[in-house]
Amino acid sequence: MTETAAKGHAKDPADRGRTSIADGVVEKIAGMAAREVAGVHAMGSGSGLSRTFGAVRDRVPGGAKAAVSRGVKAEVGEVQTALDLEIVVDYGVSIRDVARAVRENVISEVERMTGLEVVEVNIAVSDVKLPDEEDAEPEPRLQ
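Treat the numbers as computed from the prediction; the structure is a model and nothing was measured.

The rules behind each value
Residues numbered from 1 in each chain as written. Predicted model: local features only at pLDDT ≥ 70, side-chain atom pairs only at ≥ 80, totals over all residues. Heavy atoms only, no water. Helix = DSSP H or I, 4+ residues; strand = E, 2+ residues; numbered from the N terminus. Expected span 1.5 Å × (residues − 1). Buried < 20%, exposed > 50% of the residue type's maximum accessible area, 1.4 Å probe, protein only. Pairing = 2+ DSSP bridges. Core = buried A, V, L, I, M, F, W, Y, C linked by side-chain atoms within 4.5 Å. Patch = residues over 30% accessible without salt bridge, like charges linked within 9 Å, V, L, I, M, F, W, Y side chains within 5 Å. Areas by Shrake-Rupley, 256 points an atom, 1.4 Å probe, with all protein chains shown as cover. Salt bridge = Lys/Arg side-chain N within 4 Å of Asp/Glu carboxyl O. Lys, Arg positive; Asp, Glu negative; His and termini not counted. Charge placed at Lys NZ, Arg CZ, Asp CG, Glu CD. Polar contact = N/O pair within 3.5 Å; in protein donor to acceptor, adjacent residues only side chain to side chain. Contact = heavy atoms within 4.5 Å. Axes fitted to C-alpha atoms, helices over the stretch in contact; angles between N-to-C directions. Parallel < 35°, antiparallel > 145°, perpendicular 65-115°, else oblique. Left-handed = near helix turned anticlockwise from the far one by under 90°. Nonpolar A, V, L, I, M, F, W, Y, C, P; charged D, E, K, R; others polar.

Draft legend 1. A look at helix H2 (residues 23–35). With 13 residues, H2 should reach 18 Å at 1.5 Å per residue; the first-to-last C-alpha distance of 18 Å fits that figure. Burial in H2 covers these residues: Val26, Glu27, Ile29, Ala30, Gly31, Ala33 and Ala34.

Draft legend 2. Fine view of the pairing of strand E3 (residues 80–90). Relative to E3, strand E1 (residues 40–43) is paired through three bridges, and the arrangement is antiparallel. When the sheet's bridge partners are listed, Ala42 is paired in E3 with Val88. Where strand E2 (residues 72–76) and E3 come together, five bridges link them in antiparallel fashion. Residue Glu75 lies in a different strand from E3, and its bridge partner there is Ala82.

Draft legend 3. Structural detail: the nonpolar core. One finds Leu83, Leu85, Val102, Val106 and Val110 to be the most contacted residues of the largest nonpolar core, which totals 23 residues. Of all the secondary structure elements, the ones that give two or more residues to this core are H2, E1, E2, E3, helix H5 (95–114) and strand E4 (117–129).

Draft legend 4. Spatial organisation of a negative patch on the surface. Judged by side-chain charge, Asp23, Glu75, Asp84 and Glu120 come together as a negatively charged surface patch. Checked against the element boundaries, Asp23 lands in helix H2.

Draft legend 5. A look at the side chain of Thr114. Within the element layout of this structure, Thr114 appears in helix H5. Separated by 2.5 Å, the side chain of Thr114 and the backbone oxygen of Val110 make a polar contact. Within the structure, Thr114 has its side chain in polar contact with the backbone nitrogen of Leu116 (distance 3.1 Å). Here Thr114 is in contact with Ile21, Val26 and Ile29, once residues within four sequence places are set aside.

Draft legend 6. Broad picture of the environment of Leu83. Looking at the element boundaries, Leu83 is found in strand E3. Along the chain, Leu83 and Asp23 lie 60 residues apart, while their C-alpha atoms are 9.8 Å from each other. With residues up to four places along the chain from it excluded, the contact list for Leu83 reads Val26, Ala30, Val72, Lys73, Ala74, Val106, Val110, Val118, Glu120, Val121 and Asn122.

Draft legend 7. Geometry of the packing of H2 against H5. Running from N to C, H2 and H5 point in directions that differ by 140°, and their axes come no closer than 8 Å. It follows that H2 is oblique to H5 by the angle criterion. Both H2 and H5 take part in a crossing whose hand is right-handed. Residues Val26, Ile29, Ala30, Ala33 and Ala34 of H2 form the contact with H5, whose participating residues are Val102, Asn105, Val106, Glu109, Val110, Met113 and Thr114. Residues belonging to the contact of H2 with H5 are distributed by class as follows: nine nonpolar, two polar and one charged.

The structure is reproduced here in structure tokens:
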């Protein structure tokens with residue numbers, strides 16, 4: 001065996017190929033991480049009608065896949081990602097504190113799971129869930 005061939009095989013297996021991560025993968029991770037934060041009532045549009053349609057879609061077989069990433073948009077490059085999140089917060093919480101906690105948790109989980117550098121996490125608070133508002137979830141059709 002020649003020295004050149006030996007060097008070729010000595011290459012670290014982690015460097016033998018490329019890994020690409022789809023935008024949807026990062027969106028799901030970010031959506032789950034954002035929902036873990038206390039004070040986040042929902043993700044996505046704040047209008048009650050939109051939340052109602054979202055709740056119906058979540059109950060349709062196959063519809064729950066989109067629910068995890070609802071309210072999240074990711075742009076994924078080769079080594080970096082940027083995220084936009086739209087959240088609904090519970091009344092009475094500090095929006096600044098919730099946004100900071102969401103940003104920290106999302107960055108931590110996305111970087112840990114993907115190895116991508118998160119360059120920014122923009123958060124839009126689209127609504128506040130008041131204590132006397134009922135959740136607009138429909139009655140289940142099957143029991």
